[in-house]
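What the coordinates show
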Number of protein chains: 2
Amino acid sequence: MDTEELIVIKYQLSIPGPTECDPEVLNELNRPSIPHYGNLWMDYYLETLQKLQKVYQTENSVFIMPSSGSGALDATMASLNGKKGLILNNGTFGERLYEIASHYLKEITVIKKDPGEWFLIEEVEKYLKKNRYDLLAVVHGETSTGMVNHLEELSKLCAKKDVLFVVDAISSLGGVELSVDKLGIDFCVSASQKALGSVPGLSTIAISAKGWERMASESDIPGWYLNLRTWQRYEKEWGDWHPFPITLPVHLFFALHKALDQIFEEGLEQRWTRHKRITEMLCTALEQEGISLFIKNKEFLLPTVTSAVLPGERTSEGLQTYLKEEYGILVAGGVGPLRKKVFRIGHMAYSAQEHLIKRVIAGIKAFMKI
Amino acid sequence: MDTEELIVIKYQLSIPGPTECDPEVLNELNRPSIPHYGNLWMDYYLETLQKLQKVYQTENSVFIMPSSGSGALDATMASLNGKKGLILNNGTFGERLYEIASHYLKEITVIKKDPGEWFLIEEVEKYLKKNRYDLLAVVHGETSTGMVNHLEELSKLCAKKDVLFVVDAISSLGGVELSVDKLGIDFCVSASQKALGSVPGLSTIAISAKGWERMASESDIPGWYLNLRTWQRYEKEWGDWHPFPITLPVHLFFALHKALDQIFEEGLEQRWTRHKRITEMLCTALEQEGISLFIKNKEFLLPTVTSAVLPGERTSEGLQTYLKEEYGILVAGGVGPLRKKVFRIGHMAYSAQEHLIKRVIAGIKAFMKI
């Protein structure tokens, strides 16, 4: 029955990803298969990497891997196998970063904050003064709380202490101001289905020269598939026809390629501004309804996902069901410790549009009246 | 220019994967995104797993992971971290199996044969008598040579010696007779884009109870993403709404689901027979043209990929270019040590059809006349 339902009803995805897709992006998926190698593929593939570099605002090497975003985080931590890391954790995806790192790093210190609480730069600095770390890792857009962890001061600290800067930009890249080269990020991970505006299935990663230098050797990295050195070796050895170790999902590349084109049609900065504007519009409306934003300090509002807490007896589940049944709109509940506490609205890429967010607001207003 | 070319020309894919896709499968990709969790997704997801179990002919647990086939091989070897393995290698993908295993296993013995040469069961037995191995790993369909490594005798050996049986069925599952439970395979890996008939991007794996029992613990498996224990844990802990650790590429699932349906519409055994018939048709025609099959002993012909060697001065590259330019048909050259020596024709899933293989044969005949 549910199988039929998903064929018939076109829900509006206002969840924190996968995002609503532009029909043009979706149409790309419908192309016939082509080989993932040889001259039919090579130009197209290299073009896609160049476009991605532009979104990352980097001259660094970039890779696109068939996996979810966590796959590229795994590849990053694997490549730093045996090193000593400082990890900032203020939400489910900070926790995930720790979980993944714990399989690879030799020593890990976690600065743990309650979900939604921000990191004090002096505190981070103290840790870096007291100990010699190889890397500092942080989530840029914390999807579980709708919080942005600001990168600028952390970037300066990493440069000063000569520590590798690892950033999970899965839910921010393409929707939130982020410049890999300016911030000196050594490993910057993202994924196709969030603010980049494509469908799920691809992870992306930008790696600095310093990142490469300090990486473990191919045989010292546990694993083969999520081993960046393996990818680097194939890039060299099979560069003329197949510069990656595996079969690539060509259709997901078609869609991502188009989504990246759309980013430049709009303009990257205009896109950042649009995401901010939509976030403000939504947050203002929520507060007018007496709904509290989960992130109290507006400086830390993530422009791609908003979390909020309903007043009184109203439950997130109630709101989710109401919006789905009455308006055909999907919003999300919380994850991890916030599962029953907050509801979350995604507004990224295609779904960060006024008319779509107005529908969400109208639905919430109606829900608050019942 | 190549980018435009691939939009305009619809090539016939007679390569060893990705395979030509049925238009109905391709159309599934064009559906709007849906969340990869919750009640909209769960029935659909579980149904897909059940269909996959039927193709594997198993009651074992199955998983579908966002990665190429090598990703699931990596996850398999990771889960056997620290164990002692015997690996059979008679081609590029046997070599790949070794490469991946070498990152995880404590000790590895490789029985290496020249590409296309088969394994003598007495020889394998000798190794198993001399040493105590935890696992034996073999490629079922060796894509690089067009050879099938028969599993029945190996299966009996593994049972007799109580050794885990690991099979790479990436280019065979769905096109070549294979029954996981009958053969007592403990880890059976495949991928979406070969004989299953879908697009690339998903790997699949069936794991026996014995496989689970002897697997390393979650923290003893290096890595998180390709860690089967992590997948198992999420299946238990998040079973009611999100029984996997990551975002799933829903569109690739749509396509795979439809491709699996088509397998049962045709009938699994009928499908195996069709692949055999098409292989015989092609091989007979090649030999009539004075082209030698790379696999001399017809018992070992893989029903999804055929490798052959052109007589005289004719090159595989020449044939590839001719078929592409004159007939719009793509066939492949060799890989690894056979790169310039053989050409390879894929005939799997949708591409294993008489009219398509007749086009290939007609093209080759014309090429042999010039």
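Residue positions within a chain follow its written sequence, with the count starting from 1. Chain letters and ligand numbers both follow the written order, the letters beginning at A and the numbers at 1. Thresholds applied to this predicted model are a pLDDT of at least 70 for local features of residues and 80 or more for the giving and counting of side-chain atom pairs; totals over whole chains, interfaces and linings are not thresholded and use all residues. In computing side-chain properties, one takes all heavy atoms of the structure into account and sets aside hydrogens as well as water.

With respect to the overall build of chain A
- Across its full length, chain A holds 14 helices and 15 strands.
- Here chain A has a C-alpha radius of gyration of 21 Å; the compact-globule value for 370 residues is 21 Å, and the two agree.
- Viewed in the frame of its principal axes, chain A has a C-alpha envelope of about 65 × 55 × 40 Å.
- In chain A, which comprises 370 residues, the share counted as buried stands at 65%.
- Any two residues whose heavy atoms approach within 4.5 Å are treated as being in contact. When contacts within chain A are restricted to residue pairs at least 6 apart in sequence, those whose partners lie at least 24 apart make up 71%.
- To measure how exposed things are, a 1.4 Å probe is used in the Shrake-Rupley method; for residues, cover is taken only from the protein chains shown. Accessible surface, chain A as shown: approximately 13300 Å² in total, 48% of it carbon and sulfur. Starting at the N terminus, helices and strands are each numbered in turn, a helix being any DSSP run of H or I of at least four residues and a strand any DSSP run of E of at least two. Only the C-alpha atoms count toward the radius of gyration. The rule for a globule is 2.2 Å times the residue count to the power 0.38. Whether a residue is buried, partly exposed or exposed follows from its accessible area with a 1.4 Å probe, protein chains only, as a fraction of its type maximum: under 20%, in between, or over 50%, in that order.

Some details on the relation of the copies chain B and chain A
- Copy-to-copy superposition: least squares on the C-alpha atoms, limited to residues that have pLDDT of at least 70 in both copies. Of the two same-sequence chains, chain B is brought onto chain A (RMSD 0.0 Å, axial shift 0.0 Å) by a rotation of 180°. The symmetry that links the two subunits is that of a two-fold axis.
- A share of 100% of the interface residues of chain B reappears at the interface of chain A, consistent with the copies meeting face to face through the same patch.

What to know about the pairing of strand β3 (residues 84-89) of chain A
All names here are of chain A.
- Most of β3 sits out of view: six of its six residues are buried.
- Burial along β3 is two-sided: Lys 84, Leu 86 and Leu 88 facing one way and Gly 85, Ile 87 and Asn 89 facing the other are all buried.
- The pairing criterion is simple: DSSP has to find at least two bridges between the two strands. Direction of pairing for β3 relative to strand β5 (residues 135-139): parallel, over a ladder of three bridges. By the bridge assignment for β5, Ile 87 is matched with Ala 137.

Some remarks on the packing of helix α4 (residues 69-79) of chain B against helix α5 (residues 92-102) of chain B
All names here are of chain B.
- Every angle, taken between N-to-C directions, lies between 0 and 180 degrees, and every axis is a line fitted to C-alpha atoms, over only the stretch in contact when it is a helix. Interhelical geometry of α4 versus α5 gives an angle of 45° and a closest axis separation of 9 Å. One element, α4, and the other, α5, form an angle in the oblique class. Along this stretch, α4 crosses α5, giving a crossing that reads as right-handed. Here Ser 70, Leu 73, Asp 74 and Met 77 of α4 lie close against α5, whose contacting residues are Arg 96, Leu 97, Ile 100 and Ala 101.
- Three classes are used, and their members are as follows: Ala, Val, Leu, Ile, Met, Phe, Trp, Tyr, Cys and Pro are nonpolar, Asp, Glu, Lys and Arg are charged, and the others, Gly among them, are polar. Classifying every residue of the contact of α4 with α5 gives five nonpolar, one polar and two charged. Between 65 and 115 degrees an angle is taken as roughly perpendicular, under 35 as roughly parallel, over 145 as roughly antiparallel, and anywhere else as oblique. Handedness of a crossing follows from how the near helix is turned relative to the far one, being left-handed for an anticlockwise turn of less than a right angle and right-handed for a clockwise one.

Points about the sheet that holds strand β14 (residues 332-333) of chain B
Residue and element names in this part refer to chain B.
- What the four strands build is an open sheet, ordered β11-β12-β15-β14; its pairing is antiparallel. Across the chains shown, the open sheet's two edge strands, defined by having one partner strand only, are β11 (292-293) and β14.
- As paired strands, strand β12 (residues 305-309) and strand β15 (residues 343-346) are joined by four bridges and run antiparallel to one another. By the bridge assignment for β15, Thr 306 is matched with Ile 345.
- Set on the sheet, helix α12 (residues 268-288) makes contact with β11, β12 and β15; between it and β12 the angle comes to about 5°.

What to know about the sheet that holds strand β10 (residues 202-207) of chain A
Residue and element names in this part refer to chain A.
- A sheet is described by the order of its strands in space; here seven strands give the open sequence β2-β10-β9-β8-β5-β3-β4, paired in mixed fashion. Among the strands making up the open sheet, the edge pair consists of β2 (61-66) and β4 (107-112). Going across the sheet, the axis of each strand differs from the next one's by a mean of 20°, ignoring polarity.
- Looking at chain direction, strand β9 (residues 187-191) and β10 are connected through five bridges and run antiparallel. Looking at β10, one finds that Phe 187 is bridged to Ile 207.

Some points on the side chain of Thr247(B)
- If you trace the backbone, Thr247(B) turns up in the loop between α10 (228-237) and α11 (250-266).
- Beyond its immediate chain neighbours, meaning those up to four positions away, Thr247(B) contacts Ser68(A), Gln193(A), Pro200(A), His36(B) and Pro66(B).

Overview of the environment of Ser292(B)
Residue and element names in this part refer to chain B.
- Here Ser 292 is to be found in strand β11.
- On the accessibility criterion, Ser 292 (33% relative accessible area) is partly exposed.
- Spatially, the C-alpha atoms of Ser 292 and Val 342 are 9.8 Å apart, while their sequence positions differ by 50 residues.
- Leave out the neighbours within four places in its chain, and Ser 292 touches Ala 308 and Val 309.

Notes on the packing of aromatic side chains
Residues and elements named next belong to chain B.
- For this analysis, a ring pair means two rings from Phe, Tyr or Trp (six-membered ring only for Trp) whose centres lie within 6.5 Å, classed as stacked if their planes differ by under 30 degrees, edge-to-face if by over 60, and tilted for the remaining angles. Under the counting rule described, the total for this entry stands at 30 aromatic pairs over all chains.
- Their ring planes at 65° and their centres at 4.9 Å tell us that Tyr 45 and Phe 244 sit as a pair that is edge-to-face. Residue Tyr 45 is found in helix α3 (residues 39-56), and its partner Phe 244 is found in the loop between α10 and α11; the two are separated by 199 residues along the sequence.
- Taking relative accessible area as the criterion, Phe 244 reaches 0% and is therefore assigned buried.

Overview of the interface of chain B and chain A
- Contacts between the two partners involve 72 residues from chain B, matched on the other side by 72 residues from chain A.
- The term buried area denotes the loss of accessible surface (1.4 Å probe radius) that occurs when two parts are joined, taken as the sum for both partners. Interface area, chain B with chain A, both sides summed: about 5700 Å², of which 61% is carbon and sulfur.
- Salt bridges are defined as contacts in which a side-chain nitrogen from Lys or Arg sits within 4 Å of a carboxyl oxygen from Asp or Glu. Viewed at the interface, chain A and chain B are joined by four salt bridges.
- For the salt bridge of Asp240(A) with Arg339(B), the shortest nitrogen-to-oxygen distance reads 4.0 Å.
- Classifying every residue of the side of chain B that touches chain A gives 38 nonpolar, 20 polar and 14 charged.

Some words on the pattern of salt bridges
All names here are of chain A.
- For the coordinates displayed, the defined rule picks out 42 salt bridges over all chains.
- Between Lys 210 and Asp 162 there is a salt bridge, with the nearest N and O atoms lying 3.5 Å from each other. Of the two residues, Lys 210 sits in helix α9 (residues 209-214) while Asp 162 sits in the loop between α7 (152-161) and β8 (164-168), which places them 48 residues apart along the sequence.

Quick word on the nonpolar core
- By nonpolar core we mean a set of buried residues, namely Ala, Val, Leu, Ile, Met, Phe, Trp, Tyr and Cys, connected to one another through side-chain atoms within 4.5 Å. Trp41(A), Val124(A), Leu136(A), Trp41(B), Val124(B) and Leu136(B) are the most contacted members of the largest nonpolar core, which totals 180 residues.
- Counting residues in each nonpolar core, the second largest holds 31 residues, with Ile295(B), Phe300(B), Ala308(B) and Phe367(B) among its members.

Topic: the domain arrangement of chain A
Residue and element names in this part refer to chain A.
- Domain annotation for chain A reports domain 1 (2-21 + 267-369) and domain 2 (24-264).
- Every contact between the two is made by 28 residues of domain 1 and, on the other side, 34 residues of domain 2.
- On the domain 1 side of the interface with domain 2, the three residues burying the most area are Cys 21, Trp 272 and Phe 300, jointly 26% of the side's total.
- Taken together, domain 1 and domain 2 are joined by zero salt bridges.
- Any pair of N or O atoms that falls within 3.5 Å is considered a polar contact. Within protein, one atom must be able to donate a hydrogen and the other to accept it, and sequence-neighbouring residues count only if both atoms are side-chain atoms. There are 13 residue pairs in polar contact (both at pLDDT 80 or more) connecting domain 1 and domain 2. Here the bounds of each domain stem from an automatic or database domain assignment.

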